[in-house]
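Coordinate analysis (summary)
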Amino acid sequence: MMNNWFNTARLGMFVHWGHSSQQECELSWPLVGGVFSLPFCQDIPVEKYHSTADNFNPQQYNPQEWAYLAKSLGMKYAILTAKHHDGFALFHTQESDFSIASTPYKKDIVREFIDAMRSEGLRIGLYFSLSDWHHPDYPAFTEADKPYRFDKLPQPTPQQWERYLQFLCNQIRELLSNYGQIDIIWFDGSWERTLEQWQVQELAKIIRELQPNILINDRLPNCGDFATPEQFIPSHPPAHLWETCLTINESWGYNSDDHCFKSSRQLIHTLCEVAGKGGNLLLNVSPMGNGQIPPEQLERLKDIADWMSQHSESILDTMPGLEPWQFYGPSTRKGNRLYLHLLMQPYETISVRGIPIKQVKSVSVLADGTPLNFTSRCAIMDSLLNPNPLGELTIDVPESLINPYVTVIYIDIE
Ligand code: GLC
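Because the structure is a prediction, the values reported are computed rather than measured.

1. Thoughts on the site of the ligand
If you check the shell around the ligand, you find His 16, Trp 29, His 84, His 85, Tyr 127, Trp 186, Asp 188, Trp 191, Arg 219, Glu 230, Cys 245 and Trp 252 and nothing else. Separating an oxygen atom of the ligand from a side-chain N or O atom of His 16 is a distance of 2.5 Å. Contacts to the ligand include Glu 230, whose side-chain N or O atom sits 3.0 Å from an oxygen atom. Relative to its free-state accessible area of 310 Å², the ligand is covered by the protein chains to the extent of 94%. The site holding the ligand turns out to be the second largest pocket. Looking at the shell around the ligand residue by residue, the classes come out as six nonpolar, three polar and three charged.

Here is the structure:
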């Protein structure tokens, strides 16, 4: 696959943002009354939810700062909700008035985001919801349709559906024609209609014509270039490209009712796990209505950035390292260097099994290069007769070298 940048990107920024962030509630889902997977999601009357679309005016929106932040974590790409299920476009669209163009802010948020991220060398992704709970032809979700049920949703007439598909396709064309190279289109919301209704193959064809190098996620069913496990790490690494998307608390959009934040350590552990399995972590941020990233999120992102400033080498552009039986923890590799991530504190030593012990040149702590003592052993006859035996390496890890988040040790092999 030619898009191999994604294969080893390892870390990206997801941004869930919309006019409703002014109401300090989850994105889109409150208007349908919440959903089982979002424990802190509010239930807000449909009209009230949409009412803040007219006055969106995020004066503190500074995408350049977001780009510096993303860069400081070593993030390789950034994905913004150009349009979420609530149907509000953060970009200028000829297709409807329901967009940022009709607000006091006026400026094209998607364009500003793309320009800033690109200026820091990040790849660009756009989240686009196939479902649209505001468009009359979708048709829009109304108060009478509550409670939301996956198997009982308002359905369009054939004429409505034809018009909606045209609208959808035109908006996708806008996004993929007006902003230069787009590296990822991240669909969502397909569950509300059938494959036939979405005409997925036709849609994918148009997308690939407009952006030949684009990656499409697997939420455009049957057309995906990569899998998108949501809020979890697959227990076995999927065979193909994949990306775990993860929130810092339990909500995607800025939700002041949700104080359930993961610790910086948990987030860094997740990043190591994902890298060890050869996936990418798309870490979500939830800007507030004024455009600022909430302090609890910033704090954690800064901790990750600090850790990455000494350890990004073991995460970014790496391949999965050892098999799980070889080392109790995630490991990665780059060329002849093997990186061990210590997610648990060792008792004096750690062991690595099934490696060519005679070829081990050195073992060191990644943070500061401190060399570590090690010994090795293997089957006795192997040590006599085999010039290059596989065996076990035992590495001394003094307590003083333990990092409060994750200690990384690397082994250089000849
Ligand atoms: C979900 C939700 C949504 C969120 C997305 C991110 O499917 O509908 O709110 O944007 O997951 O993965």
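2. Quick word on the pattern of salt bridges
Tallied over the entire structure, the rule returns 17 salt bridges. Glu 112 serves as the salt-bridge partner of Lys 107, at 3.8 Å between the closest nitrogen and oxygen. Looking at Lys 107, the relative accessible area reads 46%, which means it is partly exposed. On the basis of relative accessibility, which here comes to 22%, the residue Glu 112 falls in the partly exposed class.

3. Observations concerning the nonpolar core
Core analysis: the biggest nonpolar cluster contains 114 residues, and Val 110, Ile 207 and Leu 220 have the highest contact counts within it. For this core, the element with the most residues is helix α4 (residues 158-177), which contributes nine residues. Split by domain, the residues of this core number at least three in each of domain 1 (4-314) and domain 2 (321-413). With residues near it in sequence (within four places) discarded, Ile 207 still touches Ile 172, Leu 176, Ile 185, Phe 187, Ile 214, Ile 216 and Leu 220. Formed by 20 residues, the second largest nonpolar core is a distinct cluster that contains Leu 322, Leu 338, Val 360 and Leu 393.

4. Description of the environment of Ala 239
Among the structural elements, Ala 239 can be located in the loop between β5 (215-216) and β6 (243-246). A residue is classified by how much of its surface remains accessible, and Ala 239, at 75% relative accessible area, is exposed. Linking Ala 239 and Gly 369, residues 130 residues apart in sequence, is a C-alpha distance of 34 Å.

5. Looking at the domain arrangement of the chain
Assigned domains within the chain: domain 1 (4-314) and domain 2 (321-413). The partner domain 2 presents 16 residues to the 14 residues of domain 1 that form the contact. In total, about 1,400 Å² of surface goes out of reach between domain 1 and domain 2, with carbon and sulfur atoms giving 56% of it. Run the count over domain 1 and domain 2 and you get one salt bridge. Glu 313 is paired through a salt bridge with Arg 337; the nearest N and O atoms lie 2.9 Å apart.

6. Considering the sheet that holds strand β7 (residues 280-285)
One open sheet accounts for seven strands, arranged β5-β4-β3-β2-β1-β7-β6; its pairing is parallel. This sheet does not close on itself; its edge strands, each paired only once, are β5 and β6. Across five bridges, the pairing between strand β3 (residues 123-129) and strand β4 (residues 184-188) is parallel. For Leu 126, the partnering residue across the bridge sits in β4 and is Ile 185. α4 contacts β2 (77-83), β3 and β4 of the sheet and is inclined by roughly 165° relative to β3. In the packing of helix α7 (residues 264-276) onto the sheet, the strands contacted are β1 (11-15), β6 and β7, and the crossing angle to β7 comes to about 150°.

Rules behind the numbers
- Residues numbered from 1 in each chain as written.
- Predicted model: local features only at pLDDT ≥ 70, side-chain atom pairs only at ≥ 80, totals over all residues.
- Heavy atoms only, no water.
- Near = heavy atom within 4 Å.
- Polar contact = N/O pair within 3.5 Å; in protein donor to acceptor, adjacent residues only side chain to side chain.
- Areas by Shrake-Rupley, 256 points an atom, 1.4 Å probe, with all protein chains shown as cover.
- 1 Å grid on protein atoms, 1.4 Å probe; cavity = no way out; pocket = protein on both sides within 12 Å on 5 of 7 lines; lining within 4 Å.
- Sits in = over half its atoms within 2 Å of the grid points.
- Nonpolar A, V, L, I, M, F, W, Y, C, P; charged D, E, K, R; others polar.
- Salt bridge = Lys/Arg side-chain N within 4 Å of Asp/Glu carboxyl O.
- Buried < 20%, exposed > 50% of the residue type's maximum accessible area, 1.4 Å probe, protein only.
- Core = buried A, V, L, I, M, F, W, Y, C linked by side-chain atoms within 4.5 Å.
- Helix = DSSP H or I, 4+ residues; strand = E, 2+ residues; numbered from the N terminus.
- Domains from an automatic or database assignment.
- Contact = heavy atoms within 4.5 Å.
- Buried area = accessible area lost by both parts, 1.4 Å probe.
- Pairing = 2+ DSSP bridges.
- Axes fitted to C-alpha atoms, helices over the stretch in contact; angles between N-to-C directions.

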